[in-house]
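So the chains spell out like this:
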Amino acid sequence: MTLPTTGREWHLTARPQGWPTPDDFALREAPVRAPGPGQILVRNLYLSVDPYMRGRMDDRKSYVPPFRLDEPMEGGAVGIVVASEAEGFAPGDHVLHGLGWREFATLDAKHASKVDPELAPPTTYLGVLGMPGLTAYAGLLEVASFKEGDAVFVSGAAGAVGSQVGQIARLKGASRVVGSAGSDEKVRLLTEEYGFDAAFNYKNGPVARQLKEAAPDGIDVYFDNVGGEHLEAAIGSLKVHGRVAVCGMIAQYNATEPPAAPRNLALVIGKRLRIQGMLVSDHAALRPTFVEEVSGWIRSGELKYHETVVKGIENAVDAFLGMLRGRNVGKMIVGLDD
């Protein structure tokens, strides 16, 4: 087989000030490198765009290094091996790896893992069976110490992580599951398809008031994807010894001023609340249990998921910006043209 000589890749060309714009990125042609010893060359089929990537666009110290300017960005991807110099990998194998945002990736095989397209569609390894799914599973069960009978509130509940948190809570015996989302259509999806007991559109009024109406007896667990006003409202509704898993704060990723909320942190003392941040990378040991349990729920139809697939690498930035503005239902994925 003739190996490709060039491929397109997205570069960050400027540090966004507030909301990113298309002018901060460039799609460039680059040479494709043949694999060396222990390496594989992958033709990417699907690319992941995720909220955490916005943080990597800023030049500040964080849990993961920032993207470098004028170099290819990174992210989850599923592709097919087209050439291999690594034992255990052969052309035609499907793999999951971290060099997304490009058509072709040459990488050390130790940084790739095989996935089975017969077990589940390739896209699921970027979403419901991938990093977002494990985030939901670990965040709810390990970080928030969920137990049967808990009342659970999830923000960003129609997204890839939030929709799975709510369904896992329901399947594990929650007494009540409440979600917030940014449109009436998404609210209907939460209650009619995902089985949430109640949901509300946070744009329709103060979050604190809507949460109290949806969970009048309070909540035991808050899974936070949003921060800001949502976190303040959750602190107000949490019962004594309530737990918060802080997964993301998308409300302030593009803010240029510090958030006003939460202003009620003093309640953490009297209620003896536990607020814990989480990184999915800390929970890798849970992956086999997660895949076994969640894939079973998917096969039985007990756990449902949605994906928003945008076609074409040239539309990857539009997909990313759309995800930041909540234009996706479920996992936002970029499908590369065959």
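Rules and cut-offs
- Residues numbered from 1 in each chain as written.
- Predicted model: local features only at pLDDT ≥ 70, side-chain atom pairs only at ≥ 80, totals over all residues.
- Heavy atoms only, no water.
- Helix = DSSP H or I, 4+ residues; strand = E, 2+ residues; numbered from the N terminus.
- Rg over C-alpha atoms; globule rule 2.2 N^0.38 Å.
- Buried < 20%, exposed > 50% of the residue type's maximum accessible area, 1.4 Å probe, protein only.
- Contact = heavy atoms within 4.5 Å.
- Areas by Shrake-Rupley, 256 points an atom, 1.4 Å probe, with all protein chains shown as cover.
- Lys, Arg positive; Asp, Glu negative; His and termini not counted.
- Charge placed at Lys NZ, Arg CZ, Asp CG, Glu CD.
- Expected span 1.5 Å × (residues − 1).
- Phe/Tyr/Trp six-rings, centres within 6.5 Å; stacked < 30°, edge-to-face > 60°.
- Core = buried A, V, L, I, M, F, W, Y, C linked by side-chain atoms within 4.5 Å.
- UniProt positions renumbered as here; feature names shortened; annotations may be inferred.
- Pairing = 2+ DSSP bridges.
- Axes fitted to C-alpha atoms, helices over the stretch in contact; angles between N-to-C directions.

The name recorded for the protein in an unreviewed UniProt entry is NADP-dependent oxidoreductase, from Streptomyces macrosporus.

Peer 1: Would you mind going over the overall build of the protein with me for this structure?
Peer 2: Across its full length, the protein carries nine helices and 15 strands. The C-alpha atoms of the protein give 20 Å as radius of gyration, which agrees with the globular expectation for 338 residues (20 Å, within 12%). Along the first, second and third principal axes, the C-alpha atoms of the protein reach 65 × 45 × 35 Å. Scored against the burial criterion, the 338 residues of the protein give a buried share of 53%. Of all intrachain contacts in the protein linking residues separated by at least 6 positions in sequence, the fraction that spans at least 24 positions is 68%. Carbon and sulfur atoms provide 51% of the accessible area of the protein, an area that totals close to 15,100 Å². Counting 35 positive and 41 negative side-chain charges, the protein places the averaged centre of each group 5 Å from the other.

Peer 1: Please clarify how helix α2 (residues 131-143) should be interpreted in this entry.
Peer 2: Because each turn of an α-helix spans 3.6 residues, side chains separated by three or four positions in sequence point in the same direction. Given a rise of 1.5 Å per residue, 13 residues ought to cover 18 Å, yet the end C-alpha atoms of α2 are separated by just 16 Å, more than 12% below that figure. Of all 13 residues in α2, 10 are buried, a share of seventy percent or more. Pro 132, Gly 133, Leu 134, Thr 135, Ala 136, Tyr 137, Ala 138, Gly 139, Leu 140 and Val 143 are the residues of α2 that are buried. Following α2 by one or two positions, Ser 145 has its phi on the positive side, about 50 degrees.

Peer 1: I'm lost on the packing of aromatic side chains in this one. Help?
Peer 2: The tally for this structure, following the rule as stated, stands at five aromatic pairs. Ring geometry for Phe 153 versus Phe 200: centroids 5.9 Å apart, planes at 20 degrees, classification stacked. Here the residue Phe 153 occupies a position in strand β8 (residues 151-154), and Phe 200 occupies one in strand β10 (residues 198-201), the gap between them amounting to 47 residues. The class of Phe 200 is buried, set by a relative accessible area of 5%. Both rings, one in Phe 153 and one in Tyr 222, keep their centres 5.0 Å apart while their planes meet at 15 degrees; by these two values the pair is stacked. One end of the pair, Phe 153, is in strand β8; the other, Tyr 222, is in strand β11 (residues 219-224), and 69 residues separate them in sequence. An identical accessibility class is assigned to Phe 153 and Tyr 222; each is buried. Put simply, the rings of Phe 25, Trp 101 and Phe 320 touch in pairs and so form one group of aromatic residues.

Peer 1: In this structure, what is going on with the nonpolar core? I would like to understand it.
Peer 2: The tendency in soluble globular proteins is for nonpolar side chains to be buried as a group. Formed by 42 residues in total, the largest nonpolar core has its most connected members in Leu 140 and Val 152. Among the elements of the structure, α2, β8, α3 (162-171), β9 (176-181), α4 (184-192), β11 and α8 (287-300) are those that each provide at least two residues to this core. With six residues, the single largest contributor to this core is α2. If we ignore the near neighbours within four places in the chain, the residues touching Val 152 are Leu 140, Phe 146, Ala 169, Ala 174, Arg 176, Val 177, Val 178 and Val 221. Judged by nonpolar contacts, the second largest core, of 22 residues, contains Met 53, Ile 313, Val 317 and Phe 320.

Peer 1: What's the story with the UniProt feature "domain: Enoyl reductase (ER)" (unreviewed entry) in the protein in this structure? I'm lost.
Peer 2: Per the UniProt annotation, the sites labelled "domain: Enoyl reductase (ER)" (unreviewed entry) are residues 20-334. As a span, residues 20-334 carries 26% helix and 25% strand, and end to end its C-alpha atoms are 18 Å apart.

Peer 1: Any chance you could explain the sheet that holds strand β12 (residues 238-246) here in plain terms?
Peer 2: One key point about sheets: their strands pair by backbone hydrogen bonds, in either a parallel or an antiparallel sense. The parallel open sheet is built from six strands, whose spatial order is β10-β9-β8-β11-β12-β13. Edge positions in the sheet fall to β10 and β13 (274-277), since each of these pairs with one other strand and no more. Within the sheet, the average angular offset between the axes of one strand and its neighbour, ignoring direction, is 15 degrees. α4 contacts β9 and β10 of the sheet and is inclined by roughly 170 degrees relative to β10. Relative to the sheet, helix α5 (residues 207-214) contacts β8, β9 and β10, its axis offset from that of β10 by approximately 160 degrees.

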